[in-house]
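Tertiary structure, described
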Amino acid sequence: MDPAPVEYQCKLMNNRVDNVSKHFSYFLQGFSSYARKLALLRDKGDDLVDLVTSLADTEPHNASSRKQLHEFAHWLAMLQDFRHLSATRIPAKILPTLQAYQKTTAELKAAVKKCTSLSDKTRSSLEAANKIRAKSGDTSAIFHTAFEVYRTNARDTAHQGEILRIHAKEFEENKLRDTQRCLLDFVRSEMAFHCRAIEMYTAAYRSLQAISPEEDLDEFLEAYELMDDTGNRESNLAHSVSLPTGQQRPQSSLSGGPRLADIRSSASQPVLHGDSDERPVDYATVGPGKNATNQTQSALASGGHQRQTGRSGLGTRQQRSRTFEESDTD
């Protein structure tokens with residue numbers, strides 16, 4: 001048996017294994033970094049939701065802006081939920097497949113090393129048998145012993161080469177299918193997110209378009225001029241009515257208008273408009289969640305900013321993510 005074909009196969013597989021191990025390691029780092037950046041962007045989006053909600057809560061004299069900003073914050077929060085789902089799909093579907101190749105390549109590399117060692121022994125025993133034949137001839141006992149050693153090594157090399165061929169075919173097939181599946185899962189996740197994002201951004205855009213600056217301005221001017229009108233009316237009444245010395249002014253003298261103390265008290269309170277069902281969504285205060293011990297897993301395991309309060313009755317972020325993933329699957 002000529003060990004040259006087995007040597008070539010071992011060298012080819014060794015290069016293939018090294019190449020796959022290196023690039024799949026880069027893929028693992030790249031997708032992990034991508035998922036962490038998505039989680040960080042999700043956290044910043046949650047912070048922006050808090051800012052918009054806080055602004056809406058402090059607008060007592062702009063009913064249109066308050067209502068539409070709350071609605072805009074709702075759609076923006078929904079977008080972050082879909083971004084959270086997209087970020088969690090990478091470590092759930094892509095990273096485990098890439099991590100499995102660390103063990104697979106190590107096992108195949110060990111098989112290639114074993115086959116290479118047997119091939120080297122076969123070549124050495126063949127060279128030794130040829131030297132003995134050149135010195136002692138084909139009929140010597142020493143040559144027959146050396147030739148039996150060569151035949152044993154050749155059988156072992158052929159057997160190991162056949163095993164390596166099966167492993168090589170299986171490895172190459174799995175590598176091609178897993179590469180295709182991982183990239184398809186990534187593209188499918190991105191397409192699903194961007195389709196949902198277009199829906200959320202469209203709804204958010206319509207919410208902002210529904211703001212009426214004219215109505216809000218009129219409401220503000222009405223509140224702004226209310227105290228001046230009432231103060232002037234009280235001042236005119238005080239100058240026009242003369243009372244005897246020691247006689248107190250009756251309380252009914254201002255029955256035609258609201259009392260100044262009541263107006264000041266009511267003016268200091270936010271005026272809420274709209275139906276009771278249109279209450280602002282209460283988003284919980286979020287923590288940093290940026291320093292991950294295990295990088296991607298820690299950044300995503302905490303769910304970013306876990307808002308335990310419900311968004312329009314949808315429950316926590318994990319519950320909403322499961323609901324969104326089921327809807328995408330359907």
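This report concerns the structure included in the present document. Not measured: the values here are computed from a predicted model. (Residues numbered from 1 in each chain as written. Predicted model: local features only at pLDDT ≥ 70, side-chain atom pairs only at ≥ 80, totals over all residues. Heavy atoms only, no water.)

1. A look at the nonpolar core
Counting 23 residues, the largest nonpolar core has Met13, Ile90 and Leu98 as its most contacted members. Of all elements in the fold, only α1 (4-57), α2 (63-136) and α3 (141-209) reach the threshold of two or more residues within this core. In this view, Met13 contacts Leu108, Val112, Ala168 and Phe171; residues no more than four positions away in its chain are not counted. Residues Val49, Val52, Ala77 and Ala197 belong to the second largest nonpolar core, which totals 15 residues. (Core = buried A, V, L, I, M, F, W, Y, C linked by side-chain atoms within 4.5 Å. Buried < 20%, exposed > 50% of the residue type's maximum accessible area, 1.4 Å probe, protein only. Helix = DSSP H or I, 4+ residues; strand = E, 2+ residues; numbered from the N terminus. Contact = heavy atoms within 4.5 Å.)

2. Here we look at the pattern of salt bridges
Tallying each qualifying case throughout the model produces 11 salt bridges. Arg16 is paired through a salt bridge with Glu172; the nearest N and O atoms lie 2.5 Å apart. Here Arg16, found in helix α1, pairs with Glu172, found in helix α3; they are 156 residues apart in sequence, far enough to count as distant. Note on Arg16: relative accessible area 27%, which makes it partly exposed. On the basis of relative accessibility, which here comes to 22%, the residue Glu172 falls in the partly exposed class. The salt bridge partner of Glu162 is Arg165, with a shortest N-O separation of 2.9 Å. Of this pair, Glu162 and Arg165 both sit in helix α3, 3 residues apart, which is roughly one turn of that helix. For Arg165, a relative accessible area of 48% translates into the label partly exposed. A single salt-bridge network, built from bridges that share partners, covers Arg16, Glu172 and Lys175. (Salt bridge = Lys/Arg side-chain N within 4 Å of Asp/Glu carboxyl O.)

3. Comments concerning a nonpolar patch on the surface
On the surface, a nonpolar cluster with roughly 400 Å² of combined accessible area is contributed by Leu217, Phe220, Leu221 and Tyr224. Tracing the backbone shows Leu217 in helix α4 (residues 213-240). Judged by its relative accessible area of 48%, Leu217 is partly exposed. (Patch = residues over 30% accessible without salt bridge, like charges linked within 9 Å, V, L, I, M, F, W, Y side chains within 5 Å. Areas by Shrake-Rupley, 256 points an atom, 1.4 Å probe, with all protein chains shown as cover.)

4. Digging into the packing of α1 against α3
As a packed pair, α1 and α3 sit with axes 11 Å apart at the nearest point and diverge in direction by 25°. In terms of axis orientation, α1 runs roughly parallel to α3. In this structure, α1 meets α3 at a crossing whose hand is left-handed. Packed against α1, whose contacting residues are Val6, Cys10, Met13, Arg16, Val20, Phe24, Phe31, Tyr34 and Leu38, the element α3 presents Thr157, Leu164, Ala168, Phe171, Glu172, Lys175, Thr179, Leu183, Phe186 and Glu190 at the interface. (Axes fitted to C-alpha atoms, helices over the stretch in contact; angles between N-to-C directions. Parallel < 35°, antiparallel > 145°, perpendicular 65-115°, else oblique. Left-handed = near helix turned anticlockwise from the far one by under 90°.)

5. Quick notes on a negative patch on the surface
On the surface, a cluster of negative charge is made up of Glu214, Glu215, Asp218, Glu222 and Glu225. Relative to the elements of secondary structure, Asp218 occurs in helix α4. (Lys, Arg positive; Asp, Glu negative; His and termini not counted. Charge placed at Lys NZ, Arg CZ, Asp CG, Glu CD.)

6. Some details on the packing of aromatic side chains
The description of two aromatic rings rests on the distance between their centres and on the angle between their planes. Throughout the structure, instances matching the rule amount to 8 aromatic pairs. Pairing Phe24 with Phe27 gives two aromatic rings, centres 6.2 Å apart and planes at 70°, and the pair type is edge-to-face. Of this pair, Phe24 and Phe27 are both found in helix α1, 3 residues apart, which corresponds to roughly one turn of the helix. A residue is classified by how much of its surface remains accessible, and Phe24, at 8% relative accessible area, is buried. Feature note: the residues Phe24, Phe27, Phe31, Tyr34, Tyr101, Phe171 and Phe186 constitute an aromatic cluster, connected by ring pairs. (Phe/Tyr/Trp six-rings, centres within 6.5 Å; stacked < 30°, edge-to-face > 60°.)

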